[in-house]
Structure formats: C-alpha cells, structure tokens
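# Coordinates in review
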Amino acid sequence: MGTYVADTVYLNGSYLPLAEAKISPLDRGFLFGDGVYEVIPVYSRRPFRQAEHLQRLDNSLTAIRLANPHASAGWGAIVERLIAGAPWPDQAIYLQVTRGAEEKRDHPFPTDASPTVFAMAMPLVTPSAAVREQGVAALTATDIRWLRCDIKSINLLPNVLLRQQAVDAGVAETILIRDGYLKEGTAANIFIVKDGVLLAPPKGNLMLPGITYDVVLELAAAHGLPVRIREISEAKLRGADEVWMTSSPKEVLAITRLDGQPVGNGQPGPVGRQMWQWYQDFKNTVMRND
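To keep things clear, this report deals only with the structure shown in the data block. Just so it is clear, the model here is predicted, and its values are computed rather than measured.

## Focus: the packing of aromatic side chains
Going through the model one piece at a time under the given rule, you end up with seven aromatic pairs. Counting every residue linked through ring pairs, the aromatic cluster contains Y43, F48, Y279 and F282. One cation-aromatic arrangement involves R81 over Y15; the distance from NZ or CZ to the ring centre is 3.9 Å.

## Points about the pattern of salt bridges
Summed over all chains, the structure comprises 17 salt bridges. The shortest N-O distance in the salt bridge between K203 and D214 comes to 2.7 Å. One end of the pair, K203, is in the loop between β11 (197–200) and α6 (211–223); the other, D214, is in helix α6, and eleven residues separate them in sequence. Residue K203 is classed as partly exposed on the basis of its relative accessible area, which comes to 45%. When salt bridges with common partners are traced through the structure, they connect R28, D34, R99, E102 and K104 into a single cluster.

## Quick look at helix α2 (residues 50–63)
For α2, spanning 14 residues, the distance from its first C-alpha to its last is 20 Å, which sits close to the expected 20 Å at 1.5 Å a residue. All of the buried residues along α2 are H53, L54, R56, L57, S60 and L61. The buried residues of α2 occupy one face: seen down the axis, they fall within an arc of 155°. Along α2, exposed side chains directed more than 90 degrees from the buried face belong to A51 and T62. Contacts from the buried residues of α2 go to β3 (35–43), α3 (72–85), β5 (91–98) and α6. Two residues or fewer past α2, R65 is found with a positive phi of approximately 60°.

Calculation rules
- Every chain begins its residue count from 1, and numbering advances along the sequence as written.
- Given that the model is predicted, a residue must reach a pLDDT of at least 70 before its local features are reported, and side-chain atom pairs must reach 80 or more before they are shown or counted; all residues, however, enter totals for whole chains, interfaces and linings.
- Each side-chain value is worked out from all heavy atoms of the structure, with water and hydrogens disregarded.
- Aromatic contacts are taken between Phe, Tyr and Trp rings whose centres are within 6.5 Å, Trp giving its six-membered ring; a plane angle under 30 degrees counts as stacked, one over 60 as edge-to-face, and the others as tilted.
- Charge-over-ring placement is defined geometrically: NZ (Lys) or CZ (Arg) within 6 Å of the ring centre, and within 35 degrees of the ring normal.
- Whenever a carboxyl oxygen of Asp or Glu lies within 4 Å of a side-chain nitrogen of Lys or Arg, that contact is scored as a salt bridge.
- Runs of E in the DSSP output that reach at least two residues are strands. Runs of H or I that reach at least four are helices, and both are numbered from the N terminus.
- The buried label goes to any residue with under 20% of its type's maximum accessible area, the exposed label to any with over 50%, and the partly exposed label to all in between, with areas taken from a 1.4 Å probe on protein chains only.
- The span one expects for a helix is its residue count, reduced by one, times 1.5 Å.
- Of all possible arcs, the one meant is that of the directions from the helix axis to the C-beta atoms.
- We call two residues in contact when some of their heavy atoms are within 4.5 Å.

In structure tokens, the structure reads:
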C-alpha cells in the first residue's frame, strides 16, 4: 500500500488503482476550482461524526448550486469500502465533488456536464504525546481569503499561501486576522481561554464551521466549562491564557508561542489538557458504541 494514500480510490462509480484514476483537463475543478470537498476522520475503522460531515458537504454543494451526486447511504457505502480497503485503522476519508467537464472552457455553469466524484483514504496522524506536552508555535497574518469561508471549497490557494508563511517560519499554523478580529487558522479552528472561560469565534461566512469545533463546544457544555461565543479581538488573542487549534487531525492542540511570544506561561494550559482528555473519552465511546 502507498504511504500517504491507499492504493485503491473511488472515481465516478469505479474503484481503481490510484495510478489509473484520470480526469479530463477540462474538468472545472482543474480549470476553475469549481468544486467542494470534505474529510471524514476514522478511528479504529469507524467514521467519526459521518452524518455531520456529509451534511457539511451537502451544505457546501448547495452553496455552489451543485446537486449532491449521492444520498447519505450512497456516500456511506463509498466510505465503508474505502475504509475496508485501506491498511490503517485510523484514517481520513477525502471526498471531492466538482462540476465536471465540458467541451470548452467557459465560466458559466455547463448544461450537459456530470459531476466528477473522487474519494480516497489517507492515514490519520494525530499529534504525538511529545508535541502535545510542548505545544506548538504559530504566527498571525491578515486574512486574504474570499468572503465565503463557510464553504469547504477546493479554492485553497489563499490558505496555501498563508500556511506556507508558517512553514517558512518553522511554525505549525498561521492564525488569520480580519479587520482586527480572530477568524481561524488555515486548516483549523482557533479557541482561546481567559480566566477559565472558553472563548470561541462565532460561526459565519468568514469561518469554516468545524465539526471538531462543535464537539469542543458540546463537551464544554456537558462538563460545565464556561463558554462565550463572540468576536475575539486581536488584543484578546494576544492576551489569552491559552490558545488552541482544533481539527480532525490536530484534535485539541495547544499553541504555546504566537509570533515568537509565549502564550500565557508558554506551556499547554490546564483547560486545554482537560478538553483533550474529554475529547479522547468521547472519541473512545464512539469507537466502542457506534
């Protein structure tokens, strides 16, 4: 099996070797970035919050006016087969739908194209215990993305450029600031803790509605952790006791240095440590009982 992607992938109704999966160069995903994607985490070969991920995929498709090519059961069958065929117990199932290919390059929606549907399994690698104990560093940058960040679009060039700033600086993530307020990271939601209260930016068109974001808020409510969902100023971010990044692969990961300065005391904080444990307990329950 391949190291980063399973050898067998799904493309337009067929399961075939990755090396044989081909699309037209006139596919609108290739020409225009006209498509959306979703990633479903899998633990011990059980998909995590699959219904919520498929609903987000449907929401993205609706937002770009593209009919969903599969009902939930159809997507579920694809996901199940990819999971079974991959060598890793913990996986990430990648789903992508584009508007398909036509015989010319033209901006308006084609009238005769069929969607291109692609899916593959990848290993899901979460942070090591050593990384969690130390936390990671991040930098901030102006959010240069478009105004529909709530759509999980394959138009990721701004995210790529912003994430490369982090890579060039030797840090883990770029935190995005728009008009003086925290939005998210390039591939993660961001939470802060101040005086024992968890603060989260509100959902809206300038932030992807994260599935892990929802789980964190549900766990906070279940365990009585005070939460405030509100706009977070850049000053509040820089004055936080704790800053976390959350996503399917990162789970709940402390950011302990921001723009070269320590966050709080420069160590992962107690609220984040507790949330990570709640998350593991919840995840293990799902793996046992789903």
